[in-house]
Structure formats: structure tokens, C-alpha cells
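Fold and contact review
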Amino acid sequence: MLASRVFSLVGRRSISTSLCLRAHGHGGSGGRRGIKHSLEGGSTGICPGWAVGAVPSQEGPPELLFFPQLSLDPWQCPGPELGEWEASLPWQVYRIKFNETYAEMNKGTNEWKTILGGVLFFLGLTGIILIWQKHFMYAPAPHTFSDEWLSAQTKRMLDMRVNPVQGITAQWDFDKNEWKK
Amino acid sequence: MANHSQLTFQDASSPVMEELMGFHDHALMVALSICSLVLYLLTLMLTEKLTSNTVNAQAIELVWTILPAMVLIMLALPSLRILYMMDEINEPDLTLKAIGHQWYWSYEYTDLKDLTFDSYMIPTTDLPLGHFRLLEVDHRVVVPMSSSIRVIVTADDVLHSWAVPSLGVKTDAIPGRLNQTSFLASRPGVFYGQCSEICGANHSFMPIVVESTPLANFESWSTLMSSQ
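Residues numbered from 1 in each chain as written. Chains lettered and ligands numbered in written order. Predicted model: local features only at pLDDT ≥ 70, side-chain atom pairs only at ≥ 80, totals over all residues. Heavy atoms only, no water.

Let's talk about the pairing of strand β7 (residues 169-173) of chain B
Residues and elements named next belong to chain B. We count it as follows: Note on exposure labels: buried denotes an accessible area under 20% of the residue type's maximum, exposed denotes more than 50%, and partly exposed covers the range between, all computed with a 1.4 Å probe on protein chains only. Note on conventions: DSSP H or I runs of at least 4 residues are helices, E runs of at least 2 residues are strands, and numbering of each starts at the N terminus. Two strands form a pair only when DSSP identifies at least two bridges running between them.
Going residue by residue along β7, you find Val-169, Thr-171 and Ala-173 tucked away on one face and Lys-170 and Asp-172 left uncovered on the opposite face. Of the strand pairs in this sheet, strand β6 (residues 160-164) and β7 are connected by 5 bridges, and their pairing is antiparallel. Within β7, the position partnered with Trp-162 by the bridge is Thr-171. Two successive antiparallel strands, β6 and β7, enclose a turn made up of 4 residues, where Gly-168 displays a positive phi of approximately 70°.

See below:
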């Protein structure tokens with residue numbers, strides 16, 4: 001299941017950008033609730049820009065409350081109930097004009113998780129390859145890498161005053177016979 | 001010689017190498033500022049804060065012509081200064097010939113005595129305890145310290161290159177051609193280098209070791225070597 005999900009995140013990415021966007025949560029008909037746009041009737045999908053508002057809704061124009069005399073009486077104009085805002089005229093006009101709200105447009109995706117997962121995967125794969133070749137391929141290190149040889153070599157470097165300005169000899173305290181703190 | 005895992009230069013043992021290290025610091029700072037600027041612009045682009053209004057304007061054309069020209073001048077002037085400094089006529093005290101062979105160096109001191117010797121790498125199996133693998137040789141190039149040394153580099157068979165990083169010297173050894181370089185060892189010590197032009201199977205196994213000593217020690221060494 002995970003492998004098929006990975007494929008859907010990565011495999012389709014190599015085919016088309018719009019498929020990739022859809023995999024990470026963009027696209028689809030998320031913006032067009034309450035208004036059906038279809039040329040055949042019944043199917044939902046992303047409406048092309050030129051068709052916005054071109055096809056009248058099959059349900060007819062929205063119902064509006066009509067008041068013969070307007071007043072400031074709050075009971076005359078009830079506030080929106082849950083779900084009424086999406087059905088109200090201003091919202092529908094907004095949706096006719098704009099595909100997505102600012103919030104939907106600026107919404108982040110989960111793409112970073114795919115990328116991070118891919119990077120970590122390949123880092124791990126590289127690590128496995130390195131461990132394998134260290135174990136199975138490399139010859140043993142020369143005898144000059146033994147601790148005894150390295151300490152004799154370091155002593156010789158200090159005696160020869162190798163790199164005395166800022167290098168190894170500059171880090172050694174010759175009076176106290178120890179590394180400088 | 002370098003420490004294990006050393007990334008930076010070895011300490012300079014000649015005035016030219018000190019100048020080169022200073023120039024390298026300068027060039028690296030220029031490179032760092034360019035990279036920072038590019039990274040900053042990349043971040044602006046990726047966060048959609050850089051628009052075509054910015055990059056299509058006439059003023060920015062002037063900026064991104066003048067600014068790179070100034071950067072190039074800032075790099076070229078110090079570089080040329082050091083280049084000409086290295087080429088100065090400096091009346092060398094000693095002339096030494098270094099001839100590259102497959103796969104060893106031979107040296108000729110022909111100024112006073114006829115001194116010629118070969119310099120082979122000591123194999124790893126024959127190294128005394130604590131000596132440096134792939135760097136030690138049987139006969140070192142001994143030179144007097146604080147004296148201007150001229151080295152004439154050539155080769156006997158294929159291309160080689162005579163290089164000693166802490167002296168700031170690298171000169172190609174080309175068969176049929178004499179290349180000249182010079183150095184001045186500021187302090188006594190032993191300076192290691194390796195052949196720097198691919199020359200066959202044992203290209204990595206023909207090192208160069210320059211030992212700079214006070215003049216008296218050099219003279220006794222050359223007397224001893226000539227008598228052998």
C-alpha cells in the first residue's frame with residue numbers, strides 16, 4: 001500500500017505537473033461547491049475559465065428573501081445559519097468570479113514530505129553501499145596506520161617542527177610536553 | 001607535510017607562499033560574497049519576491065555589468081602583483097637541476113662541485129618506525145636556508161612536475177625543455193612534495209623532499225656527497 005502510494009506521489013510526477021499537484025492536494029473541484037458546472041449535466045470537474053458562468057445552473061436563479069419595506073429590525077433579516085453563507089448570493093458571485101479564495105490559493109502542500117523522504121532514502125541507500133564496500137571490497141589499511149606507528153609519526157613531526165606557524169607544531173607545548181589547551 | 005584530513009594549506013616556508021596564501025584568502029572572500037548574493041537572489045526568486053519589473057529595468061543592466069567588472073579587477077590586480085613578484089630577477093645563490101624520470105627524480109648541483117644523485121622513494125615495507133609513508137626518499141635535496149635558489153626542471157622521458165606546496169613551487173618537467181623556478185626557504189626544515197603530472201604506473205610514488213639547513217650544514221653535506 002505504501003509502495004503504491006509512493007508511486008502515486010513520485011511516478012505520476014514524472015508524467016505531468018497537474019497530476020503531481022493533484023497528488024499533493026491541489027486542484028480538483030474543491031472551490032466549486034454549490035454550483036455545478038457541466039456541459040453534459042451531472043459530472044463534476046474543473047471548469048475551464050471561459051465557461052465560468054457561461055452555462056446557467058439547472059436549478060435556476062437562487063432564491064432571495066424579498067422585503068417590500070426595509071427596516072432596521074434585526075428579526076427581519078436573520079443572520080446566516082450554518083451552511084447558509086455558502087448558499088448566499090455574495091458567495092456564489094465570488095465563486096463565479098474566482099476559482100479559489102486567498103486561503104485556498106496560498107495553502108501549503110505536503111510536497112516537502114515527499115522530497116524529504118526521497119532525500120533521506122537515497123542518503124540511507126548511499127550509506128548501505130558504503131558500509132558494504134568497506135566490509136567486502138577494501139583491503140586492510142597499511143601498517144603505518146597502527147596506533148604505535150601514528151604516535152611515533154606524530155612525535156617525529158613535532159621533532160621536525162612541521163608546520164610550526166599555525167599547524168600541528170603550533171599546537172604543542174614544548175615546555176610542558178603536552179598539547180596546548 | 002600535511003596532517004591527516006588537512007583541508008587548508010601547509011604553513012608557508014617561503015615569502016612567495018605567504019603571498020599566495022594571502023591572495024587565496026582574498027579570492028575566497030570574493031567567492032563567498034558572490035555565493036551569498038546568488039543564494040539571496042535564489043531565495044527571493046523561490047519565495048516569489050523578485051519580479052520581472054526588477055530584472056527588466058534599465059538600471060539593473062548597469063549594475064550587473066559594472067559589478068562583475070569590479071569583481072574581476074579586484075581579483076586580477078593582486079594576482080598580477082604576485083605573478084610579477086614571482087618573476088623578479090633575484091640573483092640566485094645556488095642553481096639546482098631537477099630531472100624527472102620514470103619513476104624517480106635526479107638532482108644535479110653543478111655550481112661548485114659536480115654533485116649528482118638520484119632520489120628514490122623508500123618503499124613502505126622498508127620504512128623505519130614513524131617515517132612518512134609514500135613521502136620519504138633515500139637522498140633529500142639539501143639547500144641552504146634564506147638563500148635564493150634557482151631550480152631548473154626538466155624530464156628525461158615523459159611529463160613530470162616538481163612540486164613542493166609549502167615552498168609555493170610547482171613547475172612542469174617537460175622532456176627537451178628547461179623550465180626555471182626559484183624559491184627562498186625562510187626557515188630550516190624538511191618540506192615534502194609529490195610529482196604533480198601523471199607519468200605512468202608509479203606516478204604517486206616519486207616524491208620530492210627539500211631539506212633547508214644553515215649554510216655551514218649545507219656545505220658539509222655537499223662535501224660529503226661529492227666524496228661518495
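Digging into the sheet that holds strand β10 (residues 207-213) of chain B
Residue and element names in this part refer to chain B. Applicable threshold: Interaxial angles span 0 to 180 degrees and are taken between N-to-C directions of axes, which are lines fitted to C-alpha atoms, for helices over the stretch in contact.
Judged by pairing direction, the sheet is mixed, and its 3 strands sit side by side in the order β4-β10-β9 without closing on themselves. Both outer strands of the open sheet, β4 (141-144) and β9 (189-194), are each paired with one neighbouring strand and no more. Averaged over all pairs of adjacent strands, the angle between their axes in this sheet comes to 25°, without regard to strand direction. Bridging between β9 and β10 involves 6 bridges; their strand directions are antiparallel. Within the sheet, the bridge partner assigned to Phe-191 lies in β10 and is Val-210.

Observations concerning the UniProt feature "transmembrane region" (unreviewed entry) in chain B
Residues and elements named next belong to chain B. Heads up, the rule is: UniProt positions are given in the numbering used here, feature names are shortened, and annotations may be inferred rather than shown by experiment.
Cross-referencing UniProt, the feature "transmembrane region" (unreviewed entry) maps to residues 27-47 and 59-77 in the present numbering. Its end C-alpha atoms 30 Å apart, residues 27-47 is made of 95% helix and 0% strand. End C-alpha atoms of residues 59-77 are separated by 27 Å, and the span's content is 100% helix alongside 0% strand.

Comments concerning the domain arrangement of chain B
How big an interface is tends to be stated in terms of accessible area lost as the parts join. Residue and element names in this part refer to chain B. The test is simple: Residue ranges assigned to each domain were obtained from an automatic or database domain assignment. Salt bridges, as used here, are contacts in which a Lys or Arg side-chain nitrogen is within 4 Å of a carboxyl oxygen on Asp or Glu. Residues adjacent in sequence count toward polar contacts only when both atoms are side-chain atoms; beyond that, a polar contact is any pair of N or O atoms within 3.5 Å, and within protein one must be able to donate a hydrogen and the other to accept it.
Splitting chain B by domain gives domain 1 (15-87) and domain 2 (94-226). Put simply, the middle of domain 1 and the middle of domain 2, counted by C-alpha atoms, are 38 Å apart. Across the contact surface, domain 1 and domain 2 share 0 salt bridges. Here domain 1 and domain 2 share 0 residue pairs in polar contact (both at pLDDT 80 or more) between them.

Topic: the sheet that holds strand β8 (residues 179-184) of chain B
Residue and element names in this part refer to chain B. What counts, and what does not: Note on contacts: a residue pair qualifies if any of its non-hydrogen atoms lie within 4.5 Å across the two residues.
Here we have 5 strands laid out as an open sheet, ordered β3-β2-β1-β5-β8, and mixed in their pairing. A strand with exactly one partner marks an edge of an open sheet, and here the two such strands are β3 (115-119) and β8. Along the sheet, successive strands turn relative to each other by an average axial angle of 25°, direction set aside. Pairing geometry for strand β1 (residues 94-101) and strand β2 (residues 104-109), over 5 bridges, is antiparallel. When the sheet's bridge partners are listed, Ile-99 is paired in β2 with Ser-106. Across the sheet, helix α4 (residues 215-227) is in contact with β1, β2 and β3; its angle to β3 comes to roughly 85°.

Topic: the interface of chain A and chain B
We count it as follows: When two parts are brought into contact, each loses some accessible area as probed by a 1.4 Å sphere; the total of that loss over both is the buried area. For this classification, Asp, Glu, Lys and Arg are treated as charged, while Ala, Val, Leu, Ile, Met, Phe, Trp, Tyr, Cys and Pro are nonpolar and the rest, including Gly, are polar.
On the side of chain B, 18 residues touch chain A, which itself brings 19 residues to the contact. Interface area for chain A against chain B, summed over the two sides, is near 1,600 Å², with a carbon-plus-sulfur share of 58%. Three residues, Trp149(A), Arg156(A) and Asn163(A), lead the burial of chain A against chain B; their summed loss comes to 37% of the area buried on that side. For the pair chain A and chain B, the interface holds 1 salt bridge. With its nearest N and O atoms 2.6 Å apart, the salt bridge here joins Arg156(A) to Glu136(B). Among the residues making up the side of chain A that touches chain B, the classes are represented as 10 nonpolar, 6 polar and 3 charged.

Here we look at the packing of aromatic side chains
Rule in force here: Ring pairs are drawn from Phe, Tyr and Trp, using the six-membered ring of Trp, whenever the two centres fall within 6.5 Å, and their geometry is named by plane angle: stacked under 30 degrees, edge-to-face over 60, tilted for the rest. Put simply, a charge is over a ring when the Lys NZ or the Arg CZ is close to the ring centre, within 6 Å, and near the line of the ring normal, within 35 degrees.
Inspection of the entire model under this criterion finds 14 aromatic pairs over all chains. With 5.9 Å between their ring centres and 85° between their planes, Phe117(B) and Trp221(B) make a pair best called edge-to-face. One end of the pair, Phe117(B), is in strand β3; the other, Trp221(B), is in helix α4, with 104 residues separating them in the sequence. Note on accessibility: Phe117(B) and Trp221(B) belong to one class, buried. Members of the aromatic cluster, each reached through a chain of ring pairs, are Tyr107(B), Tyr109(B), Phe117(B), Phe218(B) and Trp221(B). Seen from the ring of Phe132(B), Arg156(A) lies directly overhead, with NZ or CZ sitting 4.7 Å from the centre.

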